[in-house]
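# Overview (structure and organization)
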Amino acid sequence: MRKFDTKIQHLKYKVLREVARQAWSDTLYDNLLDIPKIIVPGKEPTMRCCVYKERAIITERVKLAMGGDKENPNVIEVIEVACDECPVGGFEVTNACRGCLAHRCEDVCRFGAISFDENHVAHIDKSKCKECGACAKVCPYTAIVSRKRPCQNACKIKAISMDEKKAAKIDNSKCISCGACVYQCPFGAIMDKSYILNVIDLLKKSNQSGGYKMYAVVAPSISSQFNYAKLGQVISGIKELGFHTVVEAALGADMVALAEAKELSEKEFLTSSCCPAFVEYIHKSFPDMVKHISHNLSPMATIAKYIKETDDKAKVIFIGPCTAKKAEVQKDTVKPYIDAAMTFEELQALFDSRNIDITTLQEDVLDNASYYGRIFARSGGLSDAVAQGLKEQGLSDFELKVSACDGIEACRTALLKKSKNLLDANFIEGMACTGGCIGGAGCLTHGQKDKTEVDKYGSEALEKTISDAVSVLK
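Thresholds applied
Residues numbered from 1 in each chain as written. Predicted model: local features only at pLDDT ≥ 70, side-chain atom pairs only at ≥ 80, totals over all residues. Heavy atoms only, no water. Helix = DSSP H or I, 4+ residues; strand = E, 2+ residues; numbered from the N terminus. Buried < 20%, exposed > 50% of the residue type's maximum accessible area, 1.4 Å probe, protein only. Polar contact = N/O pair within 3.5 Å; in protein donor to acceptor, adjacent residues only side chain to side chain. Contact = heavy atoms within 4.5 Å. Salt bridge = Lys/Arg side-chain N within 4 Å of Asp/Glu carboxyl O. Pairing = 2+ DSSP bridges. Axes fitted to C-alpha atoms, helices over the stretch in contact; angles between N-to-C directions. Parallel < 35°, antiparallel > 145°, perpendicular 65-115°, else oblique. Left-handed = near helix turned anticlockwise from the far one by under 90°. Nonpolar A, V, L, I, M, F, W, Y, C, P; charged D, E, K, R; others polar. 1 Å grid on protein atoms, 1.4 Å probe; cavity = no way out; pocket = protein on both sides within 12 Å on 5 of 7 lines; lining within 4 Å. Points joined across faces, edges and corners; volume = space filled by probe spheres on them. Phe/Tyr/Trp six-rings, centres within 6.5 Å; stacked < 30°, edge-to-face > 60°. Right-handed = clockwise from strand over helix to strand, strands pointing away.

## Brief notes about unusual backbone geometry
With a phi close to 70°, His120 is a non-glycine residue in the positive phi region. Locating His120 in the fold gives a position in the loop between strand 3 (114-116) and strand 4 (122-124). The class of His120 is partly exposed, set by a relative accessible area of 36%.

Shown next as structure tokens:
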């Protein structure tokens, strides 16, 4: 089976793998200039106009694999030299325009941007066009199309524009680090910073005399990843890297489900706190709704906090599908509990940097969490868990009215309606990625079967109630 969805992901992985390989052997800074030649050998280009440009882009990828621009607080960055192939046109009239007499496009344009030539063919005045798309919607021939760049189409919060060089530019005041642009850019010109060097450094130090214990907190969406191996082999592989213990973030989800259910019953309206991109979106776009965000930490931070409080030698690394987690761990409320966050893409690079073939390993087990904690990985799972949390705590009299938002556009609609008292819901579950965490930018694969895999993984949980799962922590 293929390990990655796209060739861009594979290229990104190769850079991460090589950076990690050199870091393990303490030769990274000695061989830094050789990595582009290792990734792009020979003299013939394979992707770009010349091999020199390919290597120049690889050099920028290496920088991001080593942590990126320290002056830029965003975990998402643009590789300007790689961003030069996409047309910038907005809405355009194609040759499918038949010069009809109805002129519906002209009628709906409120800005006077549509005109016609002697053959009645429509033309758009770019100086007047506001790119509302009304003309495209009414054209009977679908002759008007949007030529927006893939990154702009992917960014539903309009945080991406073009600079004077026509390269993508990210507005940090709007960006929520969801990584949708990272996954959708066909040239890989937008990437998330990697903190893989921090992880390797911690793993190496943990093996020293009197070193600390390395805990890996894995997201429940891991059940839908690494489809070329068994989940138990992935867990064994993580321990092979040097981790002392592997813990489910789903156990933190169980803890959050109980606490969030109780908080909801007391406050009577909440928005969820589990998805860091959704929480950031509220802060940046709906500041009046901030007071309604659940005061609970995310499942990742909740279980990490428990680990740190029970083991003073613990160092905790989160492994999941989410680029926004890399931003979350930098927050003052989370920083004390998580030492670094990495994606499934980076975990694959770590395996191969150590020549660990997980398909040859014995299966280990994950049996920390309940069914309800594990299904947090998909849209709607958190809401189901909160409903169960109300039931298990004797709060069934509280009438739960859920708005489960699948993707940031659905989140925007729900928040907008609620802010205007037009939404009959008392709990908004926000998932910035379509499908939930299983659609995260750091996933190896993004498939329709992922939801099924998560539900199957949930059904295999030994603990059938949230209370049973959490009881082992007391």
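## Points about the side chain of Gln9
Relative to the elements of secondary structure, Gln9 occurs in helix 1 (residues 7-24). You can call Gln9 buried: its relative accessible area is 4%. Reaching out from Gln9, the side chain makes a polar contact with the side chain of Glu345 at a distance of 3.0 Å. Setting aside residues no more than four positions away along its own chain, Gln9 makes contact with Phe4, Tyr183, Glu345, Cys443, Leu444 and His446.

## Focus: the pattern of salt bridges
The full count for this structure, using the stated rule, is 26 salt bridges. Among the salt bridges present, the one from Lys204 reaches Asp26, with a minimum N-O distance of 2.5 Å. Placement of Lys204 in helix 8 (residues 196-206) and of Asp26 in the loop between helix 1 and helix 2 (35-39) is noted, with a sequence separation of 178 residues between them. For Lys204, a relative accessible area of 25% gives the class partly exposed. With a relative accessible area of 59%, Asp26 lands in the exposed category.

## What about the sheet that holds strand 9 (residues 213-218)?
One open sheet accounts for 4 strands, arranged 10-9-12-13; its pairing is parallel. Edge positions in the open sheet fall to strand 10 (245-248) and strand 13 (340-343), since each of these has one partner strand only. The mean angle between the axes of side-by-side strands here comes to 25°, regardless of whether they run parallel or antiparallel. Examined bridge by bridge, strand 9 and strand 10 share 4 bridges and lie parallel to one another. For Tyr215, the partnering residue across the bridge sits in strand 10 and is Thr245.

## Some details on the sheet that holds strand 11 (residues 270-271)
Ordered by their spatial adjacency, 3 strands build an open sheet running 11-15-14, and the pairing between neighbours is parallel. At either margin of the open sheet sits one strand with a lone partner, and together these are strand 11 and strand 14 (402-406). On top of the sheet, helix 17 (residues 408-419) reaches strand 11, strand 14 and strand 15 (427-431); it is set at about 155° to strand 15, its chief contact.

## Concerning the packing of helix 1 against helix 3 (residues 51-65)
Packed helices, taken two at a time, are described by the angle their axes make and the gap between the axes. Packing of helix 1 against helix 3 brings their axes to within 9 Å, and their N-to-C directions diverge by 60°. Our classification of the angle between helix 1 and helix 3 gives oblique. The handedness of the crossing between helix 1 and helix 3 comes out as right-handed. Side by side, helix 1 and helix 3 meet where Leu11, Val15, Leu16 and Val19 of the first sit next to Ile58, Arg61, Val62 and Ala65 of the second. When its residues are assigned to classes, the contact of helix 1 with helix 3 shows 7 nonpolar, no polar and 1 charged.

## Side note on empty space enclosed by the protein
Taken as a whole and assessed by the stated rule, the structure comprises 6 cavities of 30 Å³ or more. Its volume calculated, the largest cavity comes out at about 290 Å³. In terms of lining residues, the largest cavity is bounded by 23 residues, among which Cys274, Cys275, Pro276, Lys325 and Cys437 are the most central. Broken down by secondary-structure element, the contributors of at least two residues to the lining of the largest cavity are helix 10 (249-267), helix 11 (276-285) and helix 12 (299-310). Put simply, the second largest cavity is a space of about 120 Å³.

## A word on the packing of aromatic side chains
Applying the stated criterion across every chain yields a total of 5 aromatic pairs. Summarising the aromatic geometry, the rings of Phe226 and Phe344 are spaced 6.0 Å apart at their centres and angled 80° between planes, so their arrangement reads as edge-to-face. Here Phe344 lies in helix 14 (residues 344-353) and Phe226 lies in the loop between strand 9 and helix 9 (231-240), a separation of 118 residues in the sequence. In this structure, Phe226 and Phe344 share a single accessibility class: buried. Look at Phe226 and Phe351: their rings are 6.1 Å apart centre to centre, the planes differ by 65°, and that puts the pair in the edge-to-face class. Of the two residues, Phe226 sits in the loop between strand 9 and helix 9 while Phe351 sits in helix 14, which places them 125 residues apart along the sequence.

## A few points about the pairing of strand 14
The alternating pattern of strand 14 places Ser403 and Cys405 on a buried face and Val402, Ala404 and Asp406 on a face that is not buried. Here strand 14 pairs with strand 15 via 5 bridges, running parallel. Note on strand 15: the bridge partner recorded for Cys405 is Gly430. Once the chain exits strand 14 it traverses helix 17 before rejoining the sheet at strand 15, and the crossover so formed is right-handed.

Keep in mind these values describe shape, not function.
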